[in-house]
Amino acid sequence: MDDLAATNGTDGTSGAGAEAPAAPAADGPALPGGRAQPKTDKSEQTRALILETAMRLFQERGYEKTTMRAIATEAGVSVGNAYYYFSAKEFLIQGFYDRMTYDHAADARNRMAHTRDFAERLEIALTSWLDTAAPYHEFAAQFFRTAADPSSSLSPFSNESHPARATAVELFRDVLQGSELAPKLDAELVELLPDVLWLHLMVVVLYWVFDRTEDTERTREFVRRSTPMAARVINLSRYRVFRPIVRDAKGLIQDFILPTIGKTAVK
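Residues numbered from 1 in each chain as written. Predicted model: local features only at pLDDT ≥ 70, side-chain atom pairs only at ≥ 80, totals over all residues. Heavy atoms only, no water.

A.B. asks: Just to check I follow, could you spell out the overall build of the protein chain for this structure?
C.D. replies: For the protein chain, the count of helices and strands is 10 helices and 2 strands. When the elements of the protein chain are put in sequence order from the N terminus, they spell out β-β-α-α-α-α-α-α-α-α-α-α. In the protein chain, which comprises 267 residues, the proportion classed as buried is 46%. Across the protein chain, the fraction of contacts at a sequence separation of at least 24, relative to all contacts at a separation of at least 6, is 68%. Accessible area of the protein chain: about 13700 Å², with a carbon and sulfur share of 56%. (Helix = DSSP H or I, 4+ residues; strand = E, 2+ residues; numbered from the N terminus. Buried < 20%, exposed > 50% of the residue type's maximum accessible area, 1.4 Å probe, protein only. Contact = heavy atoms within 4.5 Å. Areas by Shrake-Rupley, 256 points an atom, 1.4 Å probe, with all protein chains shown as cover.)

Shown next, in the form of structure tokens:
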């Protein structure tokens, strides 16, 4: 019955004919993808409570079996209030992405503040993501099934995922710009590399989702071994003999990789 209620906007994910609940006057405009932007401390607390409750229920019951009504009941808020902050269940995952990406960026910047070595900064940033995401590993595969759909708003390449992706790309910009390597590289390559480094993180995430070793040790070893290799390749790009290859690589990135990444957030 909960799923059927989605057609009139009372539960489940929102249906095509659902009427959105009226927004409380105290709160600000919506975030991209149907997420309300809290404007007061109380509304921020309510939003955080709904999100934390959802994450707990997803862990306990699974994503598919958890309804918006169940989340609202557990959080002690009305279903309409839950829908105000997250207009559909999938946007709870977007909220989770946003929060985890913010936490990851803050943790990584704190950890790499003591070094300017590019390879070390990159490994710190990737390892920080693994540590930040560790509590959610058990149910990550449930989300991956939806995120792997290129038409899904949960895809890391979607327009709806732009806020979290922009935060992550900016972190990798700091990884590079705060290193000793950045001034030695071609300026155009420096501009492109943060997106490429974010794609490297996506490879790590994919491996992590399916990693069932203790403390995802195989993923951590993958990071330890792949990071120096990536750093060496990037470092070699500054030498004249490799510049034709660098130009070809930049062309591939600009023509085939960057166009697949949603650059603007959906209003």
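A.B. asks: Explanation requested: unusual backbone geometry in the structure shown.
C.D. replies: Across the chain, the bulk of peptide bonds are trans and the bulk of non-glycine residues have phi less than zero. Its identity as a non-glycine residue notwithstanding, D215 has a phi of 55 degrees, on the positive side. Residue placement: D215 occurs in the loop between α8 (187–210) and α9 (217–236).

A.B. asks: Please explain the side chain of S179 as it appears in this structure.
C.D. replies: Along the chain, the position of S179 falls in the loop between α7 (162–177) and α8. The contact partners of S179, leaving out residues within four places of it in the chain, are R116, F118 and R121.

A.B. asks: Can you walk me through the packing of helix α4 (residues 90–111) against α7 in this structure?
C.D. replies: Packed helices, taken two at a time, are described by the angle between their axes plus the distance between the axes. At a minimum axis separation of 8 Å, α4 and α7 run at an interaxial angle of 10 degrees. Between α4 and α7, the angle is such that the two are roughly parallel. Residue-level contacts link Y97, D98, T101, Y102, H104, A105, A108 and R109 of α4 to P163, A164, T167, A168, E170, L171 and D174 of α7. Of the residues contributing to the contact of α4 with α7, the split by class is 8 nonpolar, 3 polar and 4 charged. (Axes fitted to C-alpha atoms, helices over the stretch in contact; angles between N-to-C directions. Parallel < 35°, antiparallel > 145°, perpendicular 65-115°, else oblique. Nonpolar A, V, L, I, M, F, W, Y, C, P; charged D, E, K, R; others polar.)

A.B. asks: Please clarify how the packing of helix α5 (residues 118–133) against α9 should be interpreted in this entry.
C.D. replies: It is at 9 Å that the axes of α5 and α9 come closest, and there the two elements cross at 150 degrees. By the criterion of interaxial angle, the relationship of α5 to α9 is roughly antiparallel. Read as a crossing pair, α5 and α9 show a hand that is right-handed. Residue-level inspection shows F118, A119, L122, E123, L126, T127, L130 and D131 of α5 in contact with α9, the latter providing T219, R220, V223, R224, T227, A230, A231 and I234. In the contact of α5 with α9, the residues fall into 9 nonpolar, 3 polar and 4 charged. (Left-handed = near helix turned anticlockwise from the far one by under 90°.)

A.B. asks: Can you walk me through the layout of surface pockets in this structure?
C.D. replies: Over the atoms, a rolled probe matching the size of one water molecule traces out where space is still vacant. Of the voids in this model, the largest pocket is the one considered here, and its volume is about 700 Å³. Those elements giving two or more residues to the lining of the largest pocket turn out to be α4, α5, α6 (140–147), α7 and α8. The leading source of residues in the lining of the largest pocket is α8, at 9 residues. In the lining of the largest pocket, the residues fall into 26 nonpolar, 4 polar and 1 charged. Here the second largest pocket is characterised by a volume of approximately 350 Å³. Taken together, 16 residues make up the lining of the second largest pocket; nearest its centre are L193, V233, I234, S237 and A249. Within the residue set of the lining of the second largest pocket, elements represented by two or more residues are α8, α9 and α10 (243–257). (1 Å grid on protein atoms, 1.4 Å probe; cavity = no way out; pocket = protein on both sides within 12 Å on 5 of 7 lines; lining within 4 Å. Points joined across faces, edges and corners; volume = space filled by probe spheres on them.)

A.B. asks: For this particular structure, what's the right way to read a nonpolar patch on the surface?
C.D. replies: A surface patch of nonpolar side chains, about 280 Å² in accessible area, is lined by L236, Y239 and V241. Tracing the sequence through the fold places Y239 in the loop between α9 and α10. Judged by relative accessible area, which is 37%, Y239 ranks as partly exposed. (Patch = residues over 30% accessible without salt bridge, like charges linked within 9 Å, V, L, I, M, F, W, Y side chains within 5 Å. Salt bridge = Lys/Arg side-chain N within 4 Å of Asp/Glu carboxyl O.)

A.B. asks: I tried to follow the nonpolar core on my own but got confused; where do I start?
C.D. replies: Burial of nonpolar side chains together is a common tendency in soluble globular proteins. Membership of the largest hydrophobic core comes to 68 residues, with the highest contact counts inside it found for F58, L92, F118, F172 and W198. Looking at this core element by element, the count peaks at 13 residues for α8. (Core = buried A, V, L, I, M, F, W, Y, C linked by side-chain atoms within 4.5 Å.)

A.B. asks: What exactly am I supposed to notice about the pattern of salt bridges here?
C.D. replies: Oppositely charged side chains may form a pair once their charged atoms are brought near each other. A full pass over the atoms with the stated rule returns 13 salt bridges. With a closest N to O distance of 3.5 Å, E52 and R99 form a salt bridge. One end of the pair, E52, is in helix α1 (residues 41–61); the other, R99, is in helix α4, and 47 residues separate them in sequence. Salt-bridge contacts for D131 lead to R220; the nearest nitrogen and oxygen are separated by 2.9 Å. Pair noted here: D131 is in helix α5 and R220 is in helix α9, with a separation of 89 residues, a long-range link. When salt bridges with common partners are traced through the structure, they connect D107, R111, D131, D215 and R220 into a single cluster.

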